[in-house]
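# Per-entry structural report
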Amino acid sequence: MTASTSPVVLITGAANGIGRATALELARKNVPLGLLDVDVPNLESLGDELRKLGARFSIQIGDVCQRESLREAIAAVETAVGPIDVLVACAGFGRLTLVPDLALDTLRKTFDVNLFGVAESIEAVLPGMIARGRGHLVGVASLAGYRGFPWMISYSASKAALIAYLEALRPGLARRGVTITTVCPGFVRTAMSTGIPYKRKIDMLEPEVAAKHLARAVLRRPRNCVFPFSMRIGLAVLKVTPDFLFDWMMRKAGPEALSVDF
Ligand SMILES: NC(=O)c1ccc[n+]([C@@H]2O[C@H](COP(=O)([O-])OP(=O)(O)OC[C@H]3O[C@@H](n4cnc5c(N)ncnc54)[C@H](OP(=O)(O)O)[C@@H]3O)[C@@H](O)[C@H]2O)c1
């Protein structure tokens, strides 16, 4: 913790969706914030909302894939609000990827943001956390990382890699006082999820509800934060489903779920 009673929280991907709602939720709890994103207009509008709440924050343009500018942005946040106690790595990229339009460039871009962007963000804040002997890394993965879903091939792969990366980091960092929380949301109504051509209406959480889960995770530091509860159960079952059965289910489920062919 810093001199103030509340930890300083850095959120990447803060301009939109889950990151934005989490910033607003934490601001209402008087948490000092560092906020990074590449979407400048929406970062500015977030700044306007936070000023109305009387929040303590620093907003910086920051691309999690650009090491030098990311580190400069984080240094500027630390100068403004203090050393970062908690990183919420929320910046993400997700598109429908199907066999007919497989493209390595999409796979690379997805891994760049969802895996390497999180790793870059972690590496930028970690030396300070280790030196202070405390810190908390919150990585936003996805339930889509539990198994490979055939309509989000690149996305599923990147989130599975992120889940394993965070798990592998956990023991070594715990010995150095740094905790890791892996967040796996189900469907949340944001620009990322609303573009997927599902045939029927999908129940989605509002970003504000997801933000309450994330804010709780920031304050309580659980190992995992998986929501909503219904999907937690469903995915837990899917995780232990025998491979032959999972493959069969996906062959059936894909055409039933989507209005495009995979
Ligand atoms: N929505 C869901 O159903 C869902 C479910 C599970 C997990 N998640 C995960 O939750 C996180 C937030 O997603 P969301 O649904 O809130 O999506 P979102 O509304 O698209 O917000 C993601 C934010 O990250 C920003 N961003 C993208 N690339 C960046 C980069 N290189 N550097 C900095 N910022 C970058 C985006 O900017 P631009 O808009 O300019 O690209 C956007 O502001 C993601 O990691 C996502 O994978 C979402």
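The name given to the chain in an unreviewed UniProt entry is Oxidoreductase SadH, with Paludisphaera borealis as the source organism.

Taken together, 27 residues form the shell around the ligand, and within it Asn-16, Ile-18, Asp-37, Tyr-155 and Thr-190 come nearest. Val-64 has a polar backbone atom sitting 3.0 Å from a nitrogen atom of the ligand. Residue Val-188 places a main-chain N or O atom 2.8 Å away from an oxygen atom belonging to the ligand. Protein chains shield 86% of the accessible area of the ligand, which is 880 Å² for the free molecule.

Taken in spatial order, the seven strands make up an open sheet running 3-2-1-4-5-6-7, and their pairing is parallel. A strand with exactly one partner marks an edge of an open sheet, and here the two such strands are strand 3 (57-61) and strand 7 (224-227). Averaged over all pairs of adjacent strands, the angle between strand axes in this sheet comes to 15°, irrespective of strand direction. Across five bridges, strand 2 (residues 33-37) lies against strand 3 in parallel orientation.

What follows concerns the packing of aromatic side chains. Tallying each qualifying case throughout the model produces three aromatic pairs. A ring pair is formed by Phe-149 and Phe-246, whose centres lie 6.2 Å apart and whose planes are at 80°; its orientation type is edge-to-face. In this pair, Phe-149 is assigned in the loop between strand 5 (135-140) and helix 5 (153-174) and Phe-246 in helix 9 (residues 243-257), connecting sequence segments 97 residues apart. Across the pair, exposure class does not vary: Phe-149 and Phe-246 are buried alike. Between Phe-187 and Tyr-198 the ring centres are 5.7 Å apart and the planes differ by 80°, which places this aromatic pair in the edge-to-face class. Linking Phe-187 in the loop between strand 6 (178-185) and helix 6 (191-194) with Tyr-198 in the loop between helix 6 and helix 7 (207-220), this pair joins segments that are 11 residues apart in sequence. Given the relative accessible area of 25%, Phe-187 is considered partly exposed. Joined through ring pairs, the aromatic side chains of Phe-149, Trp-151 and Phe-246 make up one cluster.

Calculation rules
- Residues numbered from 1 in each chain as written.
- Predicted model: local features only at pLDDT ≥ 70, side-chain atom pairs only at ≥ 80, totals over all residues.
- Heavy atoms only, no water.
- Near = heavy atom within 4 Å.
- Polar contact = N/O pair within 3.5 Å; in protein donor to acceptor, adjacent residues only side chain to side chain.
- Areas by Shrake-Rupley, 256 points an atom, 1.4 Å probe, with all protein chains shown as cover.
- Pairing = 2+ DSSP bridges.
- Helix = DSSP H or I, 4+ residues; strand = E, 2+ residues; numbered from the N terminus.
- Axes fitted to C-alpha atoms, helices over the stretch in contact; angles between N-to-C directions.
- Phe/Tyr/Trp six-rings, centres within 6.5 Å; stacked < 30°, edge-to-face > 60°.
- Buried < 20%, exposed > 50% of the residue type's maximum accessible area, 1.4 Å probe, protein only.

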